[in-house]
Amino acid sequence: MNPQAKLIFITSLLLGTTITISSNHWIMAWVGLEINTLAILPLISKSHHPRAIEAATKYFLVQATASTLLLFSSMVNAWSTGQWDITQLTNPASCAILTAAIAMKLGLVPFHFWFPEVLQGSPLTTGLLLSTALKFPPITLLYMTSHSLNTTLLTTMAILSAAMGGWMGLNQTQIRKILAFSSISHLGWMAIIIAYNPKLTLLNFYLYSLMTAAAFLTFHSTKSLKLSTLMTSWTKTPTLNAALLLALLSLAGLPPLTGFLPKWLIIQELTKQSMAPAAAMISMLSLLSLFFYLRLAYCATITLPPHTTNHMKQWHTNKAIPSLIAALMTTSIMLLPISPVMSTIA
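Just so it is clear, the structure is predicted and the values come from calculations on it, not from any experiment.

*Asks:* Help me out: how do you make sense of the overall build of the chain in this one?
*Replies:* Within the chain, the regular secondary structure consists of 16 helices and 0 strands. Overall, the C-alpha framework of the chain stretches about 70 × 50 × 35 Å when taken along its three principal axes. Per-residue burial over the chain gives 54% buried out of 346 residues. In the chain, the share of contacts with a sequence separation of at least 24, taken over all contacts with a separation of at least 6, comes to 78%. Working note: accessible area of the chain is about 14900 Å², and carbon and sulfur atoms make up 70% of it.

This is the structure:
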């Protein structure tokens, strides 16, 4: 892709995200989301592969539908209350339609079917943007309207997302699809707490973005797209693969790694809100995700490929780990000791 064109698209993504997260008016928020959608489409389809074109088409159709629903919910609310302010969403029908629209934008169950297919058709760097940066504007809209959302609906969608994200990722061999189902599962944790403590949702999203960026950039560095290629990547960069093991376990939420922090705080908050059964259920469902994270970690660091005599190993390189990946790995693994500071902020 032309570097100037790529710069324009990345700048447009930054502009669209900034417009949405800083707006108070529904129309401006909608404009920002549309700019984001149009800017990411060329980045998805830049390889001109039929699967990439299919992914871009699916993404466009889903996002256009979600934007239409969002605009419709804001119009219904404005019609009944005379308010276009995002924080003044009081009409129950508007709240339900908005929840569906944001769930479609994010890929929450039952609107999750597009996300694994789009991620599978995209390059790893574009997949990283789809999993992190493009989820930020819809999450900020949920944050601003969290006081008026239906908690029962959100809790149901969250538990279903944790279940489907874990269950459907079990049998996957493609790394991008595994990361897509991982994202759906993490979104369940964010959605279940948004109505009770919205700051915890943002904290969870920030830490998830750090850990996912570390995983995506590592896979991009080792050029691993499926489990069979991941098995041979340890010969190329052993140190990076050893760090990847810890980053994947952090994504799974195991102590004493960074990923344990948001799960710990969310379970604590749910228990305070007399929602211990929901906390127990979503905690048990996260064990499904743990299985495929362990599978990825096992393939990356612990196992050898079958038929080693006939298998061509990649050359070992003494190339230093890129500083960005090193920084992301460090934050993905070692932020738990400063959890008192984070919980104070949250």
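*Asks:* Help me understand the pattern of salt bridges, please; the structure alone is not making it clear to me.
*Replies:* Opposite charge on two side chains allows them to pair when their charged atoms are near. A complete count under the given rule lists 2 salt bridges for this structure. For the salt bridge of Glu54 with Lys58, the shortest nitrogen-to-oxygen distance reads 2.8 Å. With Glu54 and Lys58 both in helix 3 (residues 50–81) and 4 residues apart, this pair spans about one turn of that helix. Classification of Lys58 by relative accessible area gives partly exposed; the value is 29%. Note that Glu117 and Lys177 form a salt bridge whose closest N and O atoms lie 3.3 Å from each other. One end of the pair, Glu117, is in helix 5 (residues 114–121); the other, Lys177, is in helix 9 (residues 175–193), and 60 residues separate them in sequence.

*Asks:* Explanation requested: the packing of aromatic side chains in the structure shown.
*Replies:* Here the distance between the centres and the angle between the planes together describe a pair of aromatic rings. Taken as a whole and assessed by the stated rule, the structure comprises 7 aromatic pairs. Judged by centre distance (5.7 Å) and plane angle (5°), the rings of Phe136 and Phe205 are stacked. Placement of Phe136 in helix 7 (residues 136–144) and of Phe205 in helix 10 (residues 198–222) is noted, with a sequence separation of 69 residues between them. Neither Phe136 nor Phe205 differs from the other in exposure class; each is buried. An aromatic cluster of at least three residues, connected via ring pairs, comprises Tyr59, Trp114 and Phe115. A cation over a ring is seen here: Lys135 above Phe115, with NZ or CZ 4.0 Å from the ring centre. Above the ring of Trp189, the side-chain terminus of Lys263 is found at 5.1 Å from the ring centroid.

*Asks:* Looking at this structure, I do not really get unusual backbone geometry. What am I missing?
*Replies:* Across residues other than glycine, the phi torsion is negative in most instances, and most of the peptide bonds are trans. The linkage connecting Val109 with the following residue, Pro110, adopts the cis geometry, with an omega of 10°. Geometrically, the link from Pro255 to Pro256 is a cis peptide bond, its omega value of 5° lying close to zero. Despite not being glycine, His48 has its phi angle at roughly 60°, a positive value. As for its placement among the helices and strands, His48 is situated in the loop between helix 2 (26–44) and helix 3. Accessibility expressed as a relative area gives 66% for His48, which makes it exposed. The backbone phi angle of Lys223 is positive, close to 55°, even though this residue is not glycine. With respect to the helices and strands, the residue Lys223 is situated in the loop between helix 10 and helix 11 (227–230).

*Asks:* What should I look at first to understand the side chain of Gln120 in this one?
*Replies:* Relative to the helices and strands, Gln120 resides in helix 5. For Gln120, a relative accessible area of 7% puts it in the buried group. Among the polar contacts made by the side chain of Gln120, one reaches the side chain of Gln174 at a distance of 3.3 Å. Apart from residues no more than four positions distant in its own chain, Gln120 is found in contact with Arg51, Gln174, Arg176 and Lys177.

*Asks:* How do you make sense of the UniProt feature "domain: NADH:quinone oxidoreductase/Mrp antiporter transmembrane" (unreviewed entry) in the chain when you look at a structure like this?
*Replies:* Here, UniProt's "domain: NADH:quinone oxidoreductase/Mrp antiporter transmembrane" (unreviewed entry) annotation points to residues 23–288. Annotated as residues 23–288, this span is 74% helix and 0% strand, and its ends, taken at the C-alpha atoms, are 38 Å apart.

*Asks:* Can you walk me through the domain arrangement of the chain in this structure?
*Replies:* Interface extent is often summarised as the accessible area lost during association of the parts. You can read the domains of the chain as domain 1 (1–107) and domain 2 (150–308 + 321–345). With centres defined by C-alpha atoms, the gap from domain 1 to domain 2 works out at 25 Å. Opposite the 4 residues of domain 1 that make contact, domain 2 presents 5 residues. Surface buried jointly by domain 1 and domain 2 totals about 400 Å² across both partners, of which 76% is contributed by carbon and sulfur atoms. Our count for the contact surface shared by domain 1 and domain 2 stands at 0 salt bridges. Our count for the domain 1 to domain 2 interface comes out at 0 residue pairs in polar contact (both at pLDDT 80 or more). Residues that form the side of domain 1 that touches domain 2 fall into these classes: 2 nonpolar, 2 polar and no charged.

*Asks:* Help me understand the packing of helix 9 against helix 10 in this model?
*Replies:* What describes two packed helices is the angle between their axes and the distance between those same axes. Helix 10 packs onto helix 9 with a crossing angle of 170° between their chain directions and a minimal axis gap of 9 Å. What the angle tells us is that helix 9 and helix 10 run roughly antiparallel. Across from Ile175, Leu179, Ser183, His186, Trp189, Met190 and Ile193 in helix 9, the residues of helix 10 making contact are Pro198, Leu200, Thr201, Asn204, Phe205, Tyr208, Phe216 and Phe219. Grouping the constituent residues of the contact of helix 9 with helix 10 by class yields 11 nonpolar, 4 polar and no charged.

Parameters and conventions
- Residues numbered from 1 in each chain as written.
- Predicted model: local features only at pLDDT ≥ 70, side-chain atom pairs only at ≥ 80, totals over all residues.
- Heavy atoms only, no water.
- Helix = DSSP H or I, 4+ residues; strand = E, 2+ residues; numbered from the N terminus.
- Buried < 20%, exposed > 50% of the residue type's maximum accessible area, 1.4 Å probe, protein only.
- Contact = heavy atoms within 4.5 Å.
- Areas by Shrake-Rupley, 256 points an atom, 1.4 Å probe, with all protein chains shown as cover.
- Salt bridge = Lys/Arg side-chain N within 4 Å of Asp/Glu carboxyl O.
- Phe/Tyr/Trp six-rings, centres within 6.5 Å; stacked < 30°, edge-to-face > 60°.
- Lys NZ or Arg CZ within 6 Å of the ring centre and 35° of its normal.
- Polar contact = N/O pair within 3.5 Å; in protein donor to acceptor, adjacent residues only side chain to side chain.
- UniProt positions renumbered as here; feature names shortened; annotations may be inferred.
- Domains from an automatic or database assignment.
- Buried area = accessible area lost by both parts, 1.4 Å probe.
- Nonpolar A, V, L, I, M, F, W, Y, C, P; charged D, E, K, R; others polar.
- Axes fitted to C-alpha atoms, helices over the stretch in contact; angles between N-to-C directions.
- Parallel < 35°, antiparallel > 145°, perpendicular 65-115°, else oblique.

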